[in-house]
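Residues per chain are reported as follows:
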Amino acid sequence: TLGKSARQFIDFLAQAGQHYWQILPLVPPGGGESPYMSPSSFAGNPLYLDPELLAEDGLLTQEELESAHYPGSPDRVDYPWLHQTRPPLLRRAWERGRERYAGALQTFLEEEADWLPDFAFFLALRARFDGAELKDWPAPVRKRDPETLARLREELSGEIAYHAFLQMLFVRQWTAVRTYAHEKGVSIIGDLPIYAAPDSAEVWGNP
């Protein structure tokens, strides 16, 4: 996660005299958990959010943290387990934080207006259409009919805000990790998917 474990790895790199940490894209993964077929070229993967940091912020309880403790090997990522346990935690964090962070979220949406509103709307629509790919969405939605989108944006406003909230949390945690790395003399080398996935917010928003 973007919590203590990331900082421990940065400490390890610094103590070993290393100055670079190369990472894969941090975008939400697509099929097969691949970061190279993402529904967004800009968003962060909420599965990297650290539950302990959310608890420190009053968004989760200790009991809820215990339900998120992974019982398996730390050498492997159990994606099915993550997809089963993380969303309920993130929903609880949203329930507790939606009023407290309403102003900050509105500011964040304005600052990231070139990509975030479309991405959050895209995920809300994907859920409405039972996970169907963009090519299989109803034509008025796929082709962005203004009247249809205005109606759906109103209907899905809560879900849209939820996904935007997760991105705000991601940026905060990621920025803290990156700052910590720089303080330790470690630069992070990123990687980018250089093609937009056909089933993505970018293709839908800017066909």
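In this text, all values refer to a predicted model and were calculated from it rather than measured experimentally.

(A) Region of the structure containing the nonpolar core. Counting residues in hydrophobic clusters, the biggest one holds 52 residues, and the most contacted among them are Trp21, Phe121, Leu125, Trp137, Phe165, Trp174 and Trp204. Elements with a contribution of two residues or more to this core: helix H1 (4-15), helix H4 (79-97), helix H5 (102-111), helix H6 (116-128), helix H8 (146-155), helix H9 (157-183) and helix H10 (201-205). Broken down by element, the residue count for this core peaks at 12 residues, all from H9. When near neighbours in sequence (up to four residues on either side) are disregarded, tryptophan 204 contacts Asp118, Phe121, Phe122, Leu125, Leu134, Trp137, Val141, Arg142, Arg144 and Leu149.

(B) Seen up close, the layout of surface pockets. One number sums up the size of the largest pocket: a volume of about 1200 Å³. Lining the largest pocket are 33 residues, with Thr1, Leu2, Ser5, Asp50 and Arg86 positioned closest to its centre. Residue assignment for the lining of the largest pocket shows that the elements contributing at least two residues are H1, helix H2 (51-56), helix H3 (62-67), H4 and H9.

(C) Expanded view of unusual backbone geometry. Of note, the phi angle at glutamate 33 is positive, near 60 degrees, even though the residue is not glycine. Position of glutamate 33 relative to the elements: it lies in the loop between strand E1 (20-22) and H2. Overall, glutamate 33 belongs to the partly exposed group, its relative accessible area being 23%. A positive phi is found at arginine 144, a non-glycine position, where the angle reads about 60 degrees.

(D) Representation of empty space enclosed by the protein in the model. Inspection of every chain in the model, using the stated rule, returns 2 cavities of 30 Å³ or more. Space inside the second largest cavity adds up to approximately 40 Å³. Together, Leu49, Pro51, Leu54, Leu60, Arg86, Leu89 and Leu90 line the second largest cavity. Those elements that provide at least two residues to the lining of the second largest cavity are H2 and H4. Ranked by residue count, the leading element in the lining of the second largest cavity is H4, at 3 residues. When the residues that make up the lining of the second largest cavity are grouped by side-chain class, the tally is 6 nonpolar, no polar and 1 charged.

(E) Layout of the side chain of glutamate 64. With respect to the element layout, glutamate 64 can be found in helix H3. Polar side-chain contacts of glutamate 64 include one of 2.9 Å to the backbone nitrogen of threonine 61. If sequence neighbours within four positions are ignored, glutamate 64 has contacts with Leu89, Arg92 and Arg96.

(F) A look at the pattern of salt bridges. Enumeration over the complete set of coordinates arrives at 10 salt bridges. Across the pair aspartate 136 and lysine 135 runs a salt bridge whose closest N-O atoms are separated by 3.2 Å. In this structure, glutamate 155 engages arginine 151 in a salt bridge whose closest nitrogen and oxygen atoms are separated by 3.2 Å. On the criterion of helical spacing, the pair formed by glutamate 155 and arginine 151 is a turn pair, its members being 4 residues apart in helix H8. Judged by its relative accessible area of 44%, arginine 151 is partly exposed.

Rules of the game
Residues numbered from 1 in each chain as written. Predicted model: local features only at pLDDT ≥ 70, side-chain atom pairs only at ≥ 80, totals over all residues. Heavy atoms only, no water. Core = buried A, V, L, I, M, F, W, Y, C linked by side-chain atoms within 4.5 Å. Buried < 20%, exposed > 50% of the residue type's maximum accessible area, 1.4 Å probe, protein only. Helix = DSSP H or I, 4+ residues; strand = E, 2+ residues; numbered from the N terminus. Contact = heavy atoms within 4.5 Å. 1 Å grid on protein atoms, 1.4 Å probe; cavity = no way out; pocket = protein on both sides within 12 Å on 5 of 7 lines; lining within 4 Å. Points joined across faces, edges and corners; volume = space filled by probe spheres on them. Nonpolar A, V, L, I, M, F, W, Y, C, P; charged D, E, K, R; others polar. Polar contact = N/O pair within 3.5 Å; in protein donor to acceptor, adjacent residues only side chain to side chain. Salt bridge = Lys/Arg side-chain N within 4 Å of Asp/Glu carboxyl O.

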